[in-house]
Each structure stands twice: as C-alpha cells, then as structure tokens.
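An overview of the molecular structure
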Amino acid sequence: MQHNQKMSLSPARHHEPATLDRHAIEQLIPHRAQALFLNKALVTGWSVEAIACWTSAHPHLPGHFPGLSIVPGVFLVEAAAQAVGVVLAARSLALGSQVAANQLAVLAAIKECRLHNVVWPGDEVHLKIDVEPIVAGKYYSAMGSGYGDDGKKLITVNLNIAIVPRDQLVGQ
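Note that the structure is predicted; figures quoted are calculated from it, not measured.

About the thresholds
- Residues numbered from 1 in each chain as written.
- Predicted model: local features only at pLDDT ≥ 70, side-chain atom pairs only at ≥ 80, totals over all residues.
- Heavy atoms only, no water.
- Core = buried A, V, L, I, M, F, W, Y, C linked by side-chain atoms within 4.5 Å.
- Buried < 20%, exposed > 50% of the residue type's maximum accessible area, 1.4 Å probe, protein only.
- Helix = DSSP H or I, 4+ residues; strand = E, 2+ residues; numbered from the N terminus.
- Contact = heavy atoms within 4.5 Å.
- Pairing = 2+ DSSP bridges.
- Axes fitted to C-alpha atoms, helices over the stretch in contact; angles between N-to-C directions.
- Phe/Tyr/Trp six-rings, centres within 6.5 Å; stacked < 30°, edge-to-face > 60°.
- Lys NZ or Arg CZ within 6 Å of the ring centre and 35° of its normal.

1. Examining the nonpolar core
- One finds Leu20, Leu38, Trp54, Val86 and Ile129 to be the most contacted residues of the largest nonpolar core, which totals 43 residues.
- Broken down by secondary-structure element, the contributors of at least two residues to this core are β1 (18-21), α1 (22-26), β2 (38-44), β3 (47-53), α2 (73-94), β5 (124-135), β6 (139-147) and β7 (153-165).
- Residue contributions to this core peak at 13 residues, all from α2.
- Contact partners of Trp54, with chain neighbours within four places excluded, come to Phe37, Leu61, Val71, Phe75, Leu76, Ala79, Pro121, Gly122, Asp123 and Val125.

See below:
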C-alpha cells in the first residue's frame, strides 16, 4: 500500500482494490484523533487489509502498565471493528449509496477473540479481515487475524457488526 494514495471508488468498480490513507479512512468512519486506530487500508470487495499502530505518546499507554507500556487488547479488537466499518462504508460508497452518512457500523458482538502475542507501542499490526453479510444492510459477520511485522500472529477475531441509524444513538 502506498501511504499517499487516495481512495478511488466508483459504482462500476466496487470490486477493484481501493487503497486508503488515514485521511480517506476519516471520510468513511467517524473516528478521529486518538480514537482512530487505522493508518492505512486496502479494501477489496468484502475484504480488508489494514495497518494499525499506536505510539508511546498515545494518552492511554503510559498507564497500561506504568513502566512497561503495552497496547491494550481492546485496542486491537477496536482496530479490527474499524477495519470492518471501512469495508462497509467503502462498499456503500462504491455502490452509489450514501448510507454511511445516515448510519453507523457499530460493534454488536465479539464472538471470539484470541490475543496471541504482546503488542508494544510502535509495533504495526497488519489486520486481514473478511466480512460477510448475515442480514444485508443490517448485520455482518467479520473474521480475521492480525500479524506483526515479524509475521507473528497477534490477534484472531470473530465479530458481528450492526448497522444502526445515527438518530437512534443521539441523546441516549
């Protein structure tokens, strides 16, 4: 993936790979600043390869654990969920729908999660996630893994993602 390559999705080409940098990812999902864990993504059909990385300057890491900062496992799960959100929003955009503007993809279930190795600040996590519709437009299953630069498996996940209208979340 080239870092500076922009998103290019058109209705006729929704199965062609789309390489996304952080700015393009921000156009697809609502996460910002320290809550956006993805730096790059390559979306191909119902699959995504994404890169997540946390620096030692992330505000939560010095306290997890003091003197021996490690990236919390929940960050890895959230990065995988964000990658699924990128797939769903990119597909919606490529198909000419503006669903992403009115709806959010939210984590509905963690069906399985295995943390295989420690992730240190500065480590890149290379996620590979496949998404499958359960109820098209409403509920999705996502399975995949994350690996370090050295090829070691870091996480295995099986998630469910629900599509929720934004107005159902406001004021609750």
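Picking up after the structure, the text goes on.
2. Regarding the sheet that holds β6
- Taking strand neighbours across the sheet as the criterion, the seven strands line up as β1-β2-β3-β5-β6-β7-β4 in an open arrangement whose pairing is antiparallel. For this open sheet the edge positions go to β1 and β4 (103-115), each flanked by a neighbour on one side alone. Across the sheet, the mean angle separating the axes of adjacent strands is 20 degrees when strand polarity is ignored.
- With nine bridges connecting them, β5 and β6 associate as antiparallel partners. Bridge assignment links His126 to a residue of β6, and that residue is Tyr147.
- The strands touched by α2 are β1, β2, β3, β4, β5, β6 and β7; relative to β7, the strand with the most contacts, the crossing angle is about 50 degrees.

3. Quick notes on the pairing of β7
- Buried residues dominate β7, accounting for 11 of its 13 residues.
- Across 11 bridges, the pairing between β4 and β7 is antiparallel. Within β7, the residue paired with Leu115 across the bridge is Ile155.
- One ladder, built from nine bridges, connects β6 with β7; its direction is antiparallel. Across the sheet, Tyr139 pairs through a bridge with Ala162, a residue of β7.
- Here β6 folds back onto β7, and the loop between the two strands holds five residues, one of which, Gly151, carries a positive phi near 90 degrees.

4. Observations concerning the packing of aromatic side chains
- Overall, the coordinates contain four aromatic pairs when judged by the stated rule.
- Among the aromatic residues, ring-to-ring pairing joins Phe37, Trp54 and Phe75 into one connected group.
- When the ring centre of Trp46 is taken as origin, the NZ or CZ atom of Arg91, which lies over that ring, is 3.8 Å away.

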